[in-house]
Amino acid sequence: MKDYQRRFIEFAIKHGALTFGTFTLKSGRSSPYFFNSGLFSSGEALALLGGFYADALQDSGLKYDVLFGPAYKGIPLVSAIVVALYNKYGVNAPYSFNRKEKKDHGEGGSIVGTKLVGDIVIVDDVITAGTAIRESVQIIKAENATLKGVLISLDRQEKGTGTDKSAIQQVEDEYGVPVLSIVKLADVLEYLVEAGGYDKAVEDIKAYRQQWGI
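Remember, it's a predicted structure, so these values are computed and weren't measured experimentally.

The helix and strand inventory of the protein stands at 7 helices and 8 strands. Computed over C-alpha atoms, the radius of gyration of the protein comes to 17 Å, within 12% of the 17 Å expected from 2.2 N^0.38 for 214 residues, which places it in the range of a compact globule. Dimensions of the protein along its principal axes, counting C-alpha atoms only, are 55 × 40 × 30 Å. Looking at the protein as a whole, 44% of its 214 residues are labelled buried. Once local pairs closer than 6 in sequence are excluded, the contacts in the protein between residues at least 24 apart make up 69%. With the model as given, the accessible surface of the protein reaches about 10700 Å², and the carbon-plus-sulfur share is 50%.

Attention now moves to the pattern of salt bridges. In total, this model carries 13 salt bridges according to the counting rule given. Across the pair D173 and K165 runs a salt bridge, and its minimum N-O distance is 2.5 Å. Overlapping salt bridges bring together D3, R7, D55 and K88 as one network.

A few words now on the pairing of strand β7 (residues 146-155). Of all the 10 residues making up β7, 8 are buried; the element is thus mostly covered by neighbouring parts of the structure. By the bridge criterion, 5 bridges tie strand β6 (residues 119-123) to β7 in an arrangement that is parallel. When the sheet's bridge partners are listed, I120 is paired in β7 with L147. In this region the chain leaves β6, passes through helix α4 (residues 131-142) and returns to the parallel neighbour β7; the handedness of that crossover is right-handed. Of the strand pairs in this sheet, β7 and strand β8 (residues 179-184) are connected by 5 bridges, and their pairing is parallel. Bridge assignment links L151 to a residue of β8, and that residue is L180.

By volume, the largest pocket amounts to about 1000 Å³. Residue lining of the largest pocket: 36 residues in total, with K26, V126, I127, T128 and A129 positioned closest to the centre. When contributions to the lining of the largest pocket are tallied by element, the ones reaching two or more residues are β2 (30-35), α4 and α5 (167-175). The element that contributes the greatest number of residues to the lining of the largest pocket is α4, accounting for 4 residues. Grouping the constituent residues of the lining of the largest pocket by class yields 13 nonpolar, 12 polar and 11 charged.

With that settled, consider the packing of aromatic side chains. The full count for this structure, using the stated rule, is 9 aromatic pairs. Look at F11 and F40: their rings are 4.6 Å apart centre to centre, the planes differ by 5 degrees, and that puts the pair in the stacked class. Placement of the pair is F11 in helix α1 (residues 3-14) and F40 in the loop between β2 and α2 (43-60), with a sequence separation of 29 residues. Across this residue pair, the class does not change: F11 and F40 are buried. Aromatic pair F11 and F52: ring centres 5.3 Å apart, planes at 45 degrees, arrangement tilted. Separated by 41 residues along the polypeptide, F11 in helix α1 and F52 in helix α2 bring together distant segments of the chain. You can call F52 buried: its relative accessible area is 5%. Its end group placed over the ring of W212, R29 keeps NZ or CZ at 3.8 Å from the ring centre.

The next point concerns the confidence of the model for the protein. In the predicted model, the protein carries a mean pLDDT of 92, and 96% of its residues have values of at least 70. Considering only residues more than four positions removed or in separate chains, one finds that residues 104-108, a stretch of pLDDT under 50, has 3 contacts.

So, on to the environment of Y191. Structurally, Y191 can be placed in helix α6 (residues 185-195). With 186 residues separating them in the primary sequence, Y191 and Q5 have C-alpha atoms 9.3 Å apart. Once residues lying within four places of it in the same chain are set aside, the contact partners of Y191 are M1, R6, I9, E10 and I13.

Quick look at the packing of α2 against helix α3 (residues 74-89) now. Each pair of packed helices can be described by the angle between their axes along with the distance between the axes. Two numbers describe how α2 lies on α3: the axes approach to 7 Å, and their chain directions differ by 70 degrees. On the basis of the axis angle, α2 is roughly perpendicular to α3. Read as a crossing pair, α2 and α3 show a hand that is right-handed. Across the interface between the two elements, L46, L49, G50, G51, Y53, A54, D55, L57 and Q58 of α2 pack against P76, L77, A80, I81, A84, L85, K88 and Y89 of α3. Across the contact of α2 with α3, the residue classes break down as 12 nonpolar, 3 polar and 2 charged.

Thresholds, definitions, all that
- Residues numbered from 1 in each chain as written.
- Predicted model: local features only at pLDDT ≥ 70, side-chain atom pairs only at ≥ 80, totals over all residues.
- Heavy atoms only, no water.
- Helix = DSSP H or I, 4+ residues; strand = E, 2+ residues; numbered from the N terminus.
- Rg over C-alpha atoms; globule rule 2.2 N^0.38 Å.
- Buried < 20%, exposed > 50% of the residue type's maximum accessible area, 1.4 Å probe, protein only.
- Contact = heavy atoms within 4.5 Å.
- Areas by Shrake-Rupley, 256 points an atom, 1.4 Å probe, with all protein chains shown as cover.
- Salt bridge = Lys/Arg side-chain N within 4 Å of Asp/Glu carboxyl O.
- Pairing = 2+ DSSP bridges.
- Right-handed = clockwise from strand over helix to strand, strands pointing away.
- 1 Å grid on protein atoms, 1.4 Å probe; cavity = no way out; pocket = protein on both sides within 12 Å on 5 of 7 lines; lining within 4 Å.
- Points joined across faces, edges and corners; volume = space filled by probe spheres on them.
- Nonpolar A, V, L, I, M, F, W, Y, C, P; charged D, E, K, R; others polar.
- Phe/Tyr/Trp six-rings, centres within 6.5 Å; stacked < 30°, edge-to-face > 60°.
- Lys NZ or Arg CZ within 6 Å of the ring centre and 35° of its normal.
- pLDDT = per-residue confidence, 0-100.
- Axes fitted to C-alpha atoms, helices over the stretch in contact; angles between N-to-C directions.
- Parallel < 35°, antiparallel > 145°, perpendicular 65-115°, else oblique.
- Left-handed = near helix turned anticlockwise from the far one by under 90°.

Structural data, given as structure tokens:
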């Protein structure tokens, strides 16, 4: 595990975005942990979060022309990421996001920011069913641009409903692009073991991965 990944997990726990216990997911599964990026809800937290995304993107070496943040969660994320890329790495990355409804006055259209041209990386928090990603791909195709990859915060490494593949693996297979993440669940587990004091969470996550992991 890399230093920025370890710091991201510490950051997520500190802000209550990553918690341990018993949680019923939308899928109906009982999960021993829960991740809620909506709790990164201050200027400091958003600035730090953007920095972790920037670290992961730079670390990947993935080449791109524009970063795209799908409405609504992707809008503050992509904004924070490009600021962090500039401040931390001197990278002046173009970005854009979409409106949910097309604007019929002023500049019009549904895309705000840089035009979607060339190779595009979608940024989002997590991929649960892949619906937001598929909607974003349609937007990108409509602009005659090309999906290059997806960048998220946490890969749950968990089977989807009715399949042995995760939602992330399904996206990768369907579009032939990588889905990058700041951390994977395996990294979280490694951190909890190293940190100590999380014995029950470690055992519960191991059991959960035995049943639902990929």
